[in-house]
Amino acid sequence: MNSYYFLIPISLVLGGIGLLAFFWSHRDGQYDDLDGAAERILYEDDRDDRIHPNGNESR
Amino acid sequence: MTTVPYLPTEEEIRLASKSVGQGLRETVLSLPTIHCGGCIQRIERALHEHAGVERARVNLSTKRVTIQWRERSTPSFMIKLRDLGYDSHLFETETDRKDPMLGELIRSLAVAGFASMNIMFLSVAVWSGAEPEIRNLFHWISALIALPTLLYSGRVYYRSAWTALRHFRTNMDVPVSIGLTLAYALSFYDTLYGYHHAYFEAVTMLLFVLLIGRTLDYMMRERARSAVRGLARLVPRGAWVRDDDGREHYMPIASIVPGMKVMVAAGERLPVDGQVIMGISDLDCSVVSGESTPRTADTGDQLSAGMLNLTAPIVVVATSTADNSFLAEMVRLMEIAESGRSGYRRLADRAARFYAPVVHTAAALSFAGWVAATGDWHQSLTIAIAVLIITCPCALALAVPIVQVVAARRFFENGIMVKDGSAMERLSEIDGVVFDKTGTLTLGRLHLRDADEITPDCLSMAAALAAHSRHPQSVAIAAAAKGERPLLNAIREPPGLGLEADKDGHTYRLGRAAWALGKDDETGTVLACDGVLLQRFYFDDRLRPAAFDVLNNLRNQGLTTEIISGDGVAPVQDVALALGVSTAHANMLPGEKLAYLEAKRAAGHKVLMVGDGLNDAPALAAASVSMAPANAADVGRNAADFVFLRDSLIAVPTALKISRDSRRLIGQNFTIAAIYNVIALPVAIAGYVTPLIAAIVMALSSLMVVTNALRLGYESNLGNLWSPKKHYADGPLGHRLKGTS
């Protein structure tokens, strides 16, 4: 019975972290080019030229 | 394509870019032909090595590249891209930023998904028979999760419902908002007093499913819209203006006022309406008026925006501002035409109009009935809310968008962009098709007739001359000639007349017969040597691939086919005869085309208009539904519901078939939703619906609707209807207008 009191909050917090991670990756533009991301891993170019969707900084 | 490949000038690129600070400017280009990782690498590498480019990033999903370049450098990257073999078009910079609405929908969807899953875990425990203490605890946790979810994810619905109510209207979101709020309030009350059932998981799951439908619908529209925006523009964004001191400035079109002298180089389109004050040239008016043969413009002639200057630079004095020009007149006519179309009500809205009162009456009646029978207010209210939840338009909210998203994908695979879902619904209801001629039924490209019967010497001589001109007839001659061409020098192009060159002491002329032969009564296009006729040339416009089969197919489906064109009677009749169209109207002005379509509507017909020109734009807006090829004028493209990217007219029957299939599937989905309600409603009214049952039937009906929609992906395959082998047997360019036989 008592285990509920910490197990449920832990599971909710873990889920919430996942949700925040999704928010961050969405905001960071990681879903902007799904087709391109699939192709880019095939090339050994380490240049990161991402142009940020919400600002002017490049990374 | 009616257009000569057109690259924006450096000034235009600068004008369309925007400053991003640190001495950098940003330009977004659409690259319609990129398709793989190799393209990304080649383009990015080339751009990085290009002088002045600071950063470049290709987006393969949207087929765009964002380039940041140093303000002081010359933006010449479009030439670089063309040399690499990629067509690029300037993309409107003010629209390239992430769409805030889509972001909000996706975040709302994520929150609703997170909440409904967590509450579902807790609810499963409750349904499996938890002790009252744990049950209450779980209900409280659920209530705590559901409240912020309802406020955050539900605001999309609350906002829309509030806007509707404030204007004394109602929409689908009003019953949704009421249902969600009531269900939450009652569940909260039950939690407070420790009752057995709470509907928190139903609230969040309902929200989740409804948001899926809404997000899909939005994404589909946005994708098509941005694909159309990425196509090449016909009219440039700015023009060179010469002021009174003789200095030249590059100005945005919006700031050109009447009286300014605008310089139009050969190969450019007129940015504004104007009168020629210097120079003689040939102008291609096909996009503006539908005429297939170019006209000569001399000093004093009045020209309208969008015409293509072919042979020599001219100076025009602007006679109207950009928002007062022929173009603006077209836009005004379009607005008038569109107001007539707004009478169309979407299928989902029609269903909601019928559905919402039934649901609300059922809920109210069961409440009244239970109060009368038992006198138990709480139980009556619980049952009434169970009725609301179980009938809430879950499957209904998915029934239309899910089918249309699958259909949009089918359209996309066939090279057709669809602006919104209602266009598909309207297309499935048509009873006739009206075509424009130049650029729609035909490719809008002149073609040399009977090239085989011309002696090779004459043809190669003519081609050698023609290679130096942009005139459509010259382009056609140059394209028809294969093999060696004599070398010529000192080629002159007297505007409006033709081309002239000397070789071995003889003067060769290609062009107007009256000029080349020196006789005023001669007409046509000829090649002459020292005034002696060598060869006459005849031209015709070629039909789009598969035009004949497409029109036959449409007629076999019982649709009427008609042509309305701004071109002369003879060329229109030729096309009508070749395609077996009995109703063909020539010399139609834009206003007449509009009136024609409005008369059709008044007579109760629902027609599809297919057109490409500026002069078609009002008619496109007036028709029940409209289609334009990708090379259409910008205004026409924006007015059309569908834009097809490939040359072939097969797009028309393809679109029709997909629309009709999706219409049928939507009908089936409505039936599924109705059957589900017929079964579920009596159970709910009888008071047997527990939250568990509500969750199961809601998920089941949604699943059935989605599965049914996915069938469209397999059913609409046109492989049997249009065997490419059979229909392309006559070569990729399709039928000729007048055969040699």
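Residues numbered from 1 in each chain as written. Chains lettered and ligands numbered in written order. Predicted model: local features only at pLDDT ≥ 70, side-chain atom pairs only at ≥ 80, totals over all residues.

A few points about the overall build of chain A
Thinking step 1. Looking only at helices and strands, chain A has two helices and zero strands in total.
Thinking step 2. Out of the 59 residues in chain A, the part that is buried amounts to 5%. (Helix = DSSP H or I, 4+ residues; strand = E, 2+ residues; numbered from the N terminus. Buried ≥ 20, exposed ≤ 12 C-beta atoms within 10 Å, placed from the backbone.)

A few points about the overall build of chain B
Thinking step 1. The helix and strand inventory of chain B stands at 27 helices and 28 strands.
Thinking step 2. Across the 741 residues that make up chain B, the buried fraction comes to 49%.

Let's talk about unusual backbone geometry
Trans peptide bonds make up the majority, and among non-glycine residues the majority have a negative phi.
Residue and element names in this part refer to chain B.
Thinking step 1. For aspartate 504, which is not a glycine, the phi torsion comes out positive at approximately 50°.
Thinking step 2. Following the sequence through the fold, aspartate 504 ends up in the loop between β19 (498-503) and β20 (506-512).
Thinking step 3. Residues other than glycine seldom take positive phi values, yet asparagine 587 does so here, at roughly 55°.
Thinking step 4. Topologically, asparagine 587 is positioned in the loop between β25 (583-585) and α21 (590-602).

So, the interface of chain B and chain A
Thinking step 1. Taken together, the contact between chain B and chain A spans 25 residues of the former and 24 residues of the latter.
Thinking step 2. Among the elements of the structure, β1 (18-21), α2 (37-49), β3 (53-59), β4 (64-70), α4 (100-127) and α5 (132-153) of chain B are those that each provide at least two residues to the side of chain B that touches chain A.
Thinking step 3. Here the side of chain B that touches chain A is built from residues that sort into 12 nonpolar, eight polar and five charged. (Contact = placed C-beta atoms within 7 Å. Nonpolar A, V, L, I, M, F, W, Y, C, P; charged D, E, K, R; others polar.)

What about the sheet that holds strand β12 (residues 302-303) of chain B?
All names here are of chain B.
Thinking step 1. Spatial strand order, β7-β6-β8-β14-β9-β12: six strands in an open sheet with antiparallel pairing. The open sheet is flanked by β7 (248-252) and β12, the only strands paired with a single partner.
Thinking step 2. Examined bridge by bridge, strand β9 (residues 274-278) and β12 share two bridges and lie antiparallel to one another. Looking across to β12, one finds that glutamine 275 is bridged to glutamine 302. (Pairing = 2+ DSSP bridges.)

Observations regarding the sheet that holds β25(B)
All names here are of chain B.
Thinking step 1. Pairing within the open sheet is mixed, and its seven strands lie in the order β15-β28-β27-β26-β16-β24-β25. Since the sheet does not close on itself, it has two edges, and those belong to β15 (416-418) and β25, each with one partner. In this sheet, adjacent strand axes meet at a mean angle of 20° when their direction is disregarded.
Thinking step 2. Sheet topology note: the strand β27 (residues 625-629)/strand β28 (residues 642-644) ladder contains three bridges and is parallel. Across the sheet, proline 629 pairs through a bridge with phenylalanine 644, a residue of β28.
Thinking step 3. Set on the sheet, α21 makes contact with β16 (432-435), β24 (560-564) and β26 (607-610); between it and β26 the angle comes to about 160°. (Axes fitted to C-alpha atoms, helices over the stretch in contact; angles between N-to-C directions.)

What about the packing of α5(B) against helix α7 (residues 173-192) of chain B?
All names here are of chain B.
Thinking step 1. Two elements in contact, α5 and α7, have axes whose closest approach is 10 Å; the angle formed by their N-to-C orientations is 155°. One element, α5, and the other, α7, form an angle in the roughly antiparallel class. The handedness of the crossing between α5 and α7 is left-handed. Contact residues: His139, Trp140, Ala143, Ala146 and Leu150 in α5; Leu180, Tyr184, Ser187, Phe188 and Thr191 in α7. (Parallel < 35°, antiparallel > 145°, perpendicular 65-115°, else oblique. Left-handed = near helix turned anticlockwise from the far one by under 90°.)

Some words on the pairing of strand β2 (residues 24-30) of chain B
All names here are of chain B.
Thinking step 1. Most of β2 is tucked away, with five of its seven residues classed as buried.
Thinking step 2. Pairing of β1 with β2 involves three bridges; the strand directions are antiparallel. Opposite lysine 18, over in β2, you have glutamate 26 as the bridge partner.
Thinking step 3. Pairing analysis gives seven bridges linking β2 to β4, with the strands arranged antiparallel. Bridging across to β4, leucine 24 finds its partner in arginine 70.
Thinking step 4. Bridging between β2 and strand β5 (residues 89-90) involves two bridges; their strand directions are antiparallel. For serine 30, the partnering residue across the bridge sits in β5 and is histidine 89.

Things to note about the environment of B:Gly154
All names here are of chain B.
Thinking step 1. You can see glycine 154 is positioned in the loop between α5 and α6 (155-166).
Thinking step 2. On the basis of neighbour count, glycine 154 is assigned to the buried category, with 26 C-beta atoms found within 10 Å.
Thinking step 3. It is 14 Å that separates the C-alpha atoms of glycine 154 and glycine 213, two residues lying 59 residues apart in sequence.
Thinking step 4. Those residues in contact with glycine 154 that lie beyond four places of it in its chain are Leu180 and Leu207.

A word on the environment of B:Gly667
All names here are of chain B.
Thinking step 1. Mapped onto the elements, glycine 667 comes out in helix α24 (residues 651-685).
Thinking step 2. The partly exposed category is assigned to glycine 667, around which 13 C-beta atoms lie within 10 Å.
Thinking step 3. Each C-alpha atom of the pair glycine 667 and valine 400 lies 9.0 Å from the other, and the pair is 267 residues apart in sequence.

So, the confidence of the model for chain A
Thinking step 1. For chain A, per-residue confidence averages 78 on the pLDDT scale, and 73% of positions sit at 70 or higher.
Thinking step 2. Considering only residues more than four positions removed or in separate chains, one finds that residues 54-59 of chain A, a stretch of pLDDT under 50, has 11 contacts. (pLDDT = per-residue confidence, 0-100.)

Regarding α2(B)
Thinking step 1. Taking 1.5 Å of rise per residue, the 13 residues of α2(B) would be expected to cover 18 Å, and the 18 Å separating its terminal C-alpha atoms lies within 8% of that figure.
Thinking step 2. The elements touched by buried residues of α2(B) are α2 (34-40) of chain A together with β3, β4 and α3 (77-84) of chain B. (Expected span 1.5 Å × (residues − 1).)

Regarding the packing of helix α11 (residues 347-374) of chain B against α24(B)
All names here are of chain B.
Thinking step 1. Axis separation between α11 and α24 bottoms out at 12 Å; the angle between their running directions is 5°. One finds that α11 runs roughly parallel with respect to α24. Contacts from Leu347, Ala351, Ala362 and Ser366 of α11 reach α24 at Ile666, Phe670, Leu681 and Ile685.
Thinking step 2. Here the contact of α11 with α24 is composed, by residue class, of seven nonpolar, one polar and no charged.

Quick notes on helix α25 (residues 691-710) of chain B
Side chains that are three or four residues apart share a direction in an α-helix, a result of its 3.6 residues per turn.
Thinking step 1. The terminal C-alpha atoms of α25(B), which comprises 20 residues, lie 29 Å apart, in line with the 28 Å expected from a rise of 1.5 Å per residue.
Thinking step 2. Every buried residue of α25(B) is accounted for by B:Pro691, B:Ala694, B:Ala695, B:Val697, B:Met698, B:Ser701, B:Ser702, B:Val705 and B:Ala709.

Points about the confidence of the model for chain B
All names here are of chain B.
Thinking step 1. Looking at chain B, pLDDT values average 81 and 90% of them are 70 or higher.
Thinking step 2. Note that residues 716-741 has pLDDT below 50 and, in this model, 35 contacts with residues that lie over four places away or in other chains.
Thinking step 3. Complex prediction metrics read pTM 0.75 and ipTM 0.83.

Re the environment of B:Glu425
All names here are of chain B.
Thinking step 1. Mapped onto the elements, glutamate 425 comes out in helix α14 (residues 421-427).
Thinking step 2. Here glutamate 425 falls in the buried class, since 22 other C-beta atoms lie within 10 Å of it.
Thinking step 3. As a C-alpha pair, glutamate 425 and isoleucine 666 span 241 residues in sequence and 9.7 Å in three-dimensional space.
Thinking step 4. Glutamate 425 has contacts with Arg346, Leu347 and Arg663, leaving out every residue within four places of it along the chain.

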